[in-house]
Amino acid sequence: MTTTIDSAPWAPGRLPGIGHAHLLLDDPIPLIRRLPDVGPVVRVGLGPRPVYLVTTAELLRSIGLGTAGRFHRDDLIEPVAPFAGRTLVTLSGDDHRRRRRLIAPAFHRNRISAYSPEFGRIAEDWVARLPVGEPIDLVPEVDRLALETLIATLIAADLGEQARSTIQSDSPLLLAEAAFRTLMPRPLRRLRPAAERRFLTASARLRGLLRDIVAQYRTSGTDHGDLLSTLVTGVDPGTGESLDDETIIDEMVGFLMGGVESPSGMLVSFVHELVRAPEVRDKAVAEVDEVIGDRPVRAEDATALPYLRTVLQETMRLWAPWINMLTADGPVTLGDVTVPSGTMVGFSANMIHHDPSYYPEPERFRPERWSDPEAELVDQSAVVPFGVGARRCPGDHFSWAQLTLQAAALLRTRLPVLPTQDVGRAVGSTTKGVGIRPSTARVVLYPRR
Ligand code: HEM
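Here the residue numbers are simple positions, counted from 1 along each chain's written sequence. At least 70 in pLDDT is required for a residue's local features to be given in this predicted model, at least 80 for side-chain atom pairs to be given and counted, and no such filter applies to totals for whole chains, interfaces and linings, which use all residues. The basis for every side-chain value is the complete set of non-hydrogen atoms in the structure, without hydrogens or water.

Looking at an unreviewed UniProt entry, one finds the protein chain named Cytochrome P450, with Dietzia aerolata as its source organism. Taken directly from UniProt, the Cofactor (unreviewed entry) text for the protein chain runs: "heme". UniProt positions are given in the numbering used here, feature names are shortened, and annotations may be inferred rather than shown by experiment.

Following this line, the structure appears as structure tokens:
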């Protein structure tokens with residue numbers, strides 16, 4: 001039986017005018033985790049506008065695979081346009097499909113093998129510069145690592161110090177503001193004129209800089225083995241079409257939007273979990289010692305550390321993105337509920353990953369659930385850190401290689417330990433756009449070599 005949209009219950013805690021914005025902007029997790037008990041489709045208020053959030057893996061898949069109906073991302077265009085133009089994330093339908101095909105070579109297995117030595121080299125240098133023997137918060141350090149890694153993989157050519165430092169300093173501000181604007185109703189944004197001005201100025205500066213870099217690549221014609229070279233030389237085999245300069249800039253910004261905060265949040269979460277589970281840490285360290293030993297990490301290590309992979313997989317389960325939103329393009333059927341065109345629909349991988357009907361003892365950090373024989377019992381439809389279907393993250397293999405090499409580089413020479421004064425102390429979580437991570441990652445790193 002199909003019922004009307006009004007039959008979907010509201011999530012608890014709604015306030016007049018702002019809906020659930022106060023709960024979502026503060027810490028969305030307590031609200032999100034309660035939703036499976038409310039129903040398979042639950043209304044959550046983003047300001048006055050409801051989002052219909054699905055709470056089962058089956059309904060999540062029906063959105064990702066398109067069996068629920070068609071969706072678009074037009075609602076995201078305006079908030080991020082000054083920064084990102086029309087990047088993959090905001091394209092829909094045929095335009096989205098064509099763009100996915102055009103950027104696919106940048107994430108091909110061979111390309112990732114070519115980026116991996118750089119992942120390893122940057123991670124080794126990063127570890128060597130971290131202070132040892134005293135408590136530090138790894139969050140800003142990991143943020144820097146993720147940004148440096150993405151910029152180096154995106155643009156391998158020598159940019160000059162000034163260009164590199166402009167990208168490094170503008171990107172965090174732009175990423176934070178772009179993420180904020182996607183959740184913030186437009187009238188509320190007008191209340192922050194100074195932030196608006198900063199966003200527009202920094203967006204224009206960054207795009208101007210990227211325009212110059214694309215022009216240099218076109219003139220030199222050199223393949224630097226980086227993401228940008230793939231975009232500059234990429235041709236759609238079906239149509240012979242290639243990307244123009246503005247589209248290339250849009251996609252470079254799109255990679256910055258997708259490729260910095262998610263991997264960085266995941267590495268922060270990995271360290272957070274590891275120092276609270278010394279037996280897991282010691283097992284991962286033993287594997288790293290056996291496989292890598294005294295030498296620096298190498299590209300091939302990315303696929304040679306099966307236990308570390310289960311630790312990262314468990315981290316991705318616990319710290320998966322908290323929200324993903326689309327807009328119905330025509331009527332959309334979510335189980336028993338049909339919503340009309342223009343309705344906002346969403347899901348939370350984080351919620352599915354914490355649902356005890358998919359994962360026994362979901363709050364426990366247990367990498368063993370990803371090793372045989374237990375792994376065979378995991379319902380694969382509920383493994384969704386990178387999404388599902390046409391919009392599934394194109395950076396998934398890229399992230400696996402990067403995170404594995406970074407984690408291995410860290411454990412090879414350092415033993416991360418929870419500072420004694422933090423034992424038993426709770427750590428909150430922070431959202432960064434669609435991502436969620438521990439708000440701090442305080443550790444002491446002891447030298448091992
Ligand atoms: C652990 C790291 C990462 C996680 C957990 C992650 C997760 C996600 C998720 C959940 C989506 C949305 C899928 C959907 O809409 O169904 C997504 C999309 C996307 N991600 Fe990632 N991502 C990660 C790393 C990366 C990296 C390293 C890059 C690029 C270098 C990247 C680029 C993108 C892009 C361009 C999209 C938009 C895809 C589209 O709309 O077609 N991501 N990611």
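Visitor: Explain the pattern of salt bridges here, please?
Guide: Side-chain pairs of opposite charge can arise whenever the charged atoms involved come near each other. By convention in these notes, a salt bridge is any Lys or Arg side-chain nitrogen within 4 Å of a carboxyl oxygen on Asp or Glu. One pass over the structure, following the stated rule, counts 37 salt bridges. Ionic pairing is found between Glu363 and Arg33, a salt bridge with its closest N-O pair at 3.8 Å. Of this pair, Glu363 sits in the loop between α16 (349-353) and α17 (396-413) while Arg33 sits in helix α2 (residues 29-38), placing them 330 residues apart in sequence. Between Glu374 and Arg366 there is a salt bridge whose closest N-O contact spans 2.6 Å. A residue is classified by how much of its surface remains accessible, and Glu374, at 30% relative accessible area, is partly exposed. A helix here means a DSSP run of H or I that spans at least four residues, while a strand means a run of E at least two residues long, and both kinds are numbered starting from the N terminus. Note on exposure labels: buried denotes an accessible area under 20% of the residue type's maximum, exposed denotes more than 50%, and partly exposed covers the range between, all computed with a 1.4 Å probe on protein chains only.

Visitor: Mind showing me how you'd approach the nonpolar core here?
Guide: Proteins that are soluble and globular tend to have nonpolar side chains buried together. Ile155 and Phe270 are the most contacted members of the largest nonpolar core, which has 112 residues in total. Here, two residues are considered to be in contact whenever any of their heavy atoms come within 4.5 Å of each other. Once residues within four sequence positions are removed from consideration, Ile155 is found in contact with Arg164, Ile167, Leu210, Ile213, Tyr217, Asp226, Leu228 and Met252. We define the nonpolar core as a collection of buried residues of types Ala, Val, Leu, Ile, Met, Phe, Trp, Tyr and Cys that are connected through side-chain atoms lying within 4.5 Å of one another. Grouped together as the second largest cluster of nonpolar side chains are 29 residues, Val54, Ala349, Ala382 and Val388 included.

Visitor: Please clarify how the packing of aromatic side chains should be interpreted in this entry.
Guide: A ring pair, where both rings are aromatic, is described by two values, the distance of the centres and the angle of the planes. In this scheme Phe, Tyr and Trp rings, the latter by its six-membered ring, pair at centre separations within 6.5 Å, and the angle between planes marks the pair as stacked below 30 degrees, edge-to-face above 60, and tilted otherwise. Taken as a whole and assessed by the stated rule, the structure comprises seven aromatic pairs. Judged by centre distance (6.4 Å) and plane angle (70°), the rings of Phe83 and Phe199 are edge-to-face. You can see Phe83 sitting in helix α4 (residues 74-84) and its partner Phe199 sitting in helix α10 (residues 193-220), a full 116 residues away along the chain. Take Phe83 and Phe199: they sit in the same class, and that class is buried. Aromatic ring contacts, followed pair by pair, group Phe107, Tyr115, Phe119, Phe255 and Phe398 into a single cluster. Charge-over-ring placement is defined geometrically: NZ (Lys) or CZ (Arg) within 6 Å of the ring centre, and within 35 degrees of the ring normal. We note Arg14 situated over the ring of Trp10; from NZ or CZ to the ring centre the distance is 3.7 Å. The ring of Tyr359 has Arg317 sitting right over it, with the charged end atom 5.2 Å from the ring centre.

Visitor: Honestly, the environment of Asp244 in this entry has me stumped. Any pointers?
Guide: The residue Asp244 is located in the loop between α11 (227-233) and α12 (245-259) in this model. Sequence separation of Asp244 and Arg366 is 122 residues, and the distance between their C-alpha atoms is 47 Å. For Asp244, the side chain forms a polar contact with the main-chain nitrogen of Glu246, separated by 3.3 Å. In this structure the side chain of Asp244 is engaged in a polar contact, spanning 2.6 Å, whose partner is the side chain of Thr247. Identification of polar contacts relies on pairs of N or O atoms within 3.5 Å, with a donor-acceptor requirement for protein atoms, meaning one able to donate a hydrogen and the other able to accept it, and with residues adjacent in sequence counted only if both atoms are side-chain atoms.

Visitor: Which parts of the structure should I look at to understand the coordination of the iron atom of the ligand?
Guide: Ideal coordination angles are 109.5 degrees for a metal with four donors arranged tetrahedrally and 90 or 180 degrees for a metal with six donors arranged octahedrally. Coordination shells were defined by N, O and S atoms within 2.8 Å of each metal, extended to 3.2 Å for Na, K and Ca; water is absent from the atom set, which can make sites look incomplete. One donor from the polypeptide reaches the iron atom of the ligand: Cys393 (SG), at 2.3 Å. Position of Cys393 among the secondary structure elements: in the loop between α16 and α17.

Visitor: I'm lost on α2 in this one. Help?
Guide: Side chains three or four residues apart in an α-helix point the same way, a direct result of the helix having 3.6 residues per turn. Residues of α2 that are buried include every one of Ile29, Leu31, Ile32 and Leu35, and no others. Buried positions in α2, seen along its axis, are confined to an arc of 165° and lie on one side of it. Here the buried face of α2 lies against α1 (21-26), β1 (41-46), β2 (49-54), α16, β10 (429-432) and β11 (435-438). Directions are taken from the helix axis to each C-beta atom, and the arc is the one they span.

Visitor: Would you mind showing me how to read the packing of helix α14 (residues 278-291) against helix α15 (residues 306-318) here?
Guide: Axes are the key here: two packed helices are described by the angle between their axes and the distance separating the axes. Fitting a line to C-alpha atoms yields each axis, with helices limited to the stretch in contact; the angle taken between N-to-C directions then spans 0 to 180 degrees. One way to put it is that α14 packs onto α15 with a least axis distance of 8 Å and a crossing angle of 140°. α14 and α15 meet at a crossing whose hand is left-handed. Residues Val280, Lys283, Ala284 and Glu287 of α14 lie in contact with α15, whose contacting residues are Pro306, Tyr307, Leu308 and Val311. Classes in brief: Ala, Val, Leu, Ile, Met, Phe, Trp, Tyr, Cys and Pro nonpolar; Asp, Glu, Lys and Arg charged; the others, Gly included, polar. Residue composition of the contact of α14 with α15, by class: six nonpolar, no polar and two charged. When the near helix sits turned anticlockwise from the far one by under a right angle, the crossing is termed left-handed; a clockwise turn instead gives a right-handed crossing.

Visitor: What's the story with the pairing of strand β5 (residues 324-328) in this structure? I'm lost.
Guide: Looking along a regular strand, one sees side chains alternate from face to face of the sheet. Counted residue by residue, β5 has four buried out of five residues, so it is predominantly covered. Judged from the two bridges that link them, strand β3 (residues 71-72) and β5 form a sheet pairing that is antiparallel. Along β5, the bridge assignment pairs Phe71 with Ala328. Pairing between two strands is assigned when DSSP locates at least 2 bridges connecting them. Direction of pairing for β5 relative to strand β8 (residues 344-347): antiparallel, over a ladder of four bridges. Looking at β8, one finds that Asn324 is bridged to Phe347.

Visitor: Which parts of the structure should I look at to understand the site of the ligand?
Guide: Around the ligand, 26 residues are found, and the nearest of them are His96, Arg100, Arg391, Cys393 and Ser399. A distance of 2.8 Å separates an oxygen atom of the ligand from a polar atom in the side chain of Arg100. Counting residues per element, the ones that place at least two in the shell around the ligand are α5 (93-103), α12, α13 (261-275) and α17. Looking at side-chain class alone, the shell around the ligand contains 15 nonpolar, eight polar and three charged residues. If even one non-hydrogen atom of a residue comes within 4 Å of a molecule or strand, that residue is called near it.

Visitor: So what exactly am I meant to see when it comes to unusual backbone geometry here?
Guide: One can expect most non-glycine residues to show negative phi and most peptide bonds to be in trans. Residues Asp372 and Pro373 are joined by a peptide bond in cis, for which omega reads 5°. Residue placement: Pro373 occurs in the loop between α16 and α17. For Glu361, which is not glycine, the phi dihedral falls at a positive 45°. Tracing the chain through its elements places Glu361 in the loop between α16 and α17. In this structure Glu361 comes out as partly exposed when scored by relative accessible area, which is 46%.

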